[in-house]
Amino acid sequence: MGKTIKYGEKFILVSDEIAVFLEDERKRQENESRSDRRHLNKNDFESAMLSQKTINKDLPLNNIIKNLMLEKLKQVRVKLTDEENLLIYLYFHQEWSMEIIGKYFSGISKMSISKRLKKLLAKMKSLMET
C-alpha cells in the first residue's frame, strides 16, 4: 500500500507513512514561512524567500532518503549479535566512553573496545550496502 505523490515534475510511489510525513512537513514549512514573513523587512524577506526555495526544494526527498536509510539500519541491527547491539547502544545512545564500556565488559581495554567498534562499524557499513 502506498500513495503516489507529485515530486517536482515526476510522480513517485511512497508509503502511507512517508506521504503523511511529507504533508505534515509541508504544513510546518508553510507555518514557519508565515511566521518568518512577519519579522522580516522587504529586502530580508526577498533574500530569505530565494534562499528558502533553494534549500527546501530537496528537503522532502532528503527526508525520504533518510527514512529509507533508517529502515535499512534497523534491518542491519537485527543481524548483529546481542553484544554488538549492546556496544552500539552504550557508545552511541548512552554516550559512554570506551574506557567505561571496557570496564562494563569485564575489564577490556579501551584500545580493544576501539578496535571492536571499528570492526563493527565496518561490518554495519558493509551490510548497509547490500
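Note that the coordinates shown come from a computational prediction; the quantities given were computed from them, not determined experimentally.

(A) The overall build of the protein, seen in detail. Helices and strands together make up the secondary structure of the protein, namely six helices and two strands. Helices (α) and strands (β) of the protein occur, in sequence order from the N terminus, as β-β-α-α-α-α-α-α. Within the span of the protein, comprising 130 residues, buried residues form 21% of the whole. Looking at the protein as shown, the accessible area adds up to about 10100 Å², and 56% of this sits on carbon and sulfur atoms.

(B) Quick look at a nonpolar patch on the surface. The grouping of Leu61, Ile65 and Met69 at the surface amounts to a nonpolar patch, some 250 Å² of accessible area in total. Along the chain, the position of isoleucine 65 falls in helix H3 (residues 59-79).

(C) Just the nonpolar core, in detail. In terms of nonpolar packing, the biggest core is built from 12 residues, these being Val76, Leu80, Leu87, Ile88, Leu90, Ile101, Phe105, Ile113, Leu117, Leu120, Met124 and Leu127. When contributions to this core are tallied by element, the ones reaching two or more residues are helix H4 (82-93) and helix H6 (110-129). At five residues, H6 tops the list of elements feeding residues into this core. Beyond its immediate sequence surroundings of up to four residues, methionine 124 is in contact with Leu73, Val76, Arg77, Leu80 and Ile88. Core analysis: the next-biggest nonpolar cluster, separate from the first, contains six residues, Val14, Ala19, Leu22 and Ile64 among them.

(D) Broad picture of the packing of H3 against H6. Packing of H3 against H6 brings their axes to within 9 Å, and their N-to-C directions diverge by 120 degrees. With respect to H6, the axis of H3 lies oblique. Pair H3 / H6 crosses with right-handed handedness. Judged by residue contacts, Met69, Lys72, Leu73, Val76, Arg77 and Lys79 of H3 engage Met124, Leu127 and Met128 from H6. Considered class by class, the residues forming the contact of H3 with H6 number six nonpolar, no polar and three charged.

(E) Expanded view of H6. Between its first and last C-alpha atoms H6 spans 29 Å; for 20 residues at 1.5 Å apiece the expected length is 28 Å, and the two agree. Every buried residue of H6 is accounted for by Ile113, Leu117, Leu120, Met124 and Leu127. Taken end-on, H6 shows its buried residues confined to a sector of 90 degrees, consistent with a single buried face. The exposed residues of H6 that point more than 90 degrees off its buried face are Met111, Lys115, Lys118, Lys119, Lys125 and Glu129.

(F) Up close: the pattern of salt bridges. By the definition in use, this model includes four salt bridges. In this structure, glutamate 71 engages lysine 74 in a salt bridge whose closest nitrogen and oxygen atoms are separated by 3.6 Å. Here the residue glutamate 71 and the residue lysine 74 both occupy positions in helix H3, the gap between them amounting to three residues, near one helical turn. By relative accessible area, lysine 74 is classed as exposed at 53%. Here lysine 103 and glutamate 99 are joined by a salt bridge, their closest N and O atoms 3.9 Å apart. Of this pair, lysine 103 and glutamate 99 both sit in helix H5 (residues 98-104), separated by four residues, roughly a single helical turn. Under the relative-accessibility criterion, lysine 103 is labelled exposed at 59%. Classification of glutamate 99 by relative accessible area gives partly exposed; the value is 44%.

What counts and what doesn't
- Residues numbered from 1 in each chain as written.
- Predicted model: local features only at pLDDT ≥ 70, side-chain atom pairs only at ≥ 80, totals over all residues.
- Heavy atoms only, no water.
- Helix = DSSP H or I, 4+ residues; strand = E, 2+ residues; numbered from the N terminus.
- Buried < 20%, exposed > 50% of the residue type's maximum accessible area, 1.4 Å probe, protein only.
- Areas by Shrake-Rupley, 256 points an atom, 1.4 Å probe, with all protein chains shown as cover.
- Patch = residues over 30% accessible without salt bridge, like charges linked within 9 Å, V, L, I, M, F, W, Y side chains within 5 Å.
- Salt bridge = Lys/Arg side-chain N within 4 Å of Asp/Glu carboxyl O.
- Core = buried A, V, L, I, M, F, W, Y, C linked by side-chain atoms within 4.5 Å.
- Contact = heavy atoms within 4.5 Å.
- Axes fitted to C-alpha atoms, helices over the stretch in contact; angles between N-to-C directions.
- Parallel < 35°, antiparallel > 145°, perpendicular 65-115°, else oblique.
- Left-handed = near helix turned anticlockwise from the far one by under 90°.
- Nonpolar A, V, L, I, M, F, W, Y, C, P; charged D, E, K, R; others polar.
- Expected span 1.5 Å × (residues − 1).
- Arc of directions from axis to C-beta.

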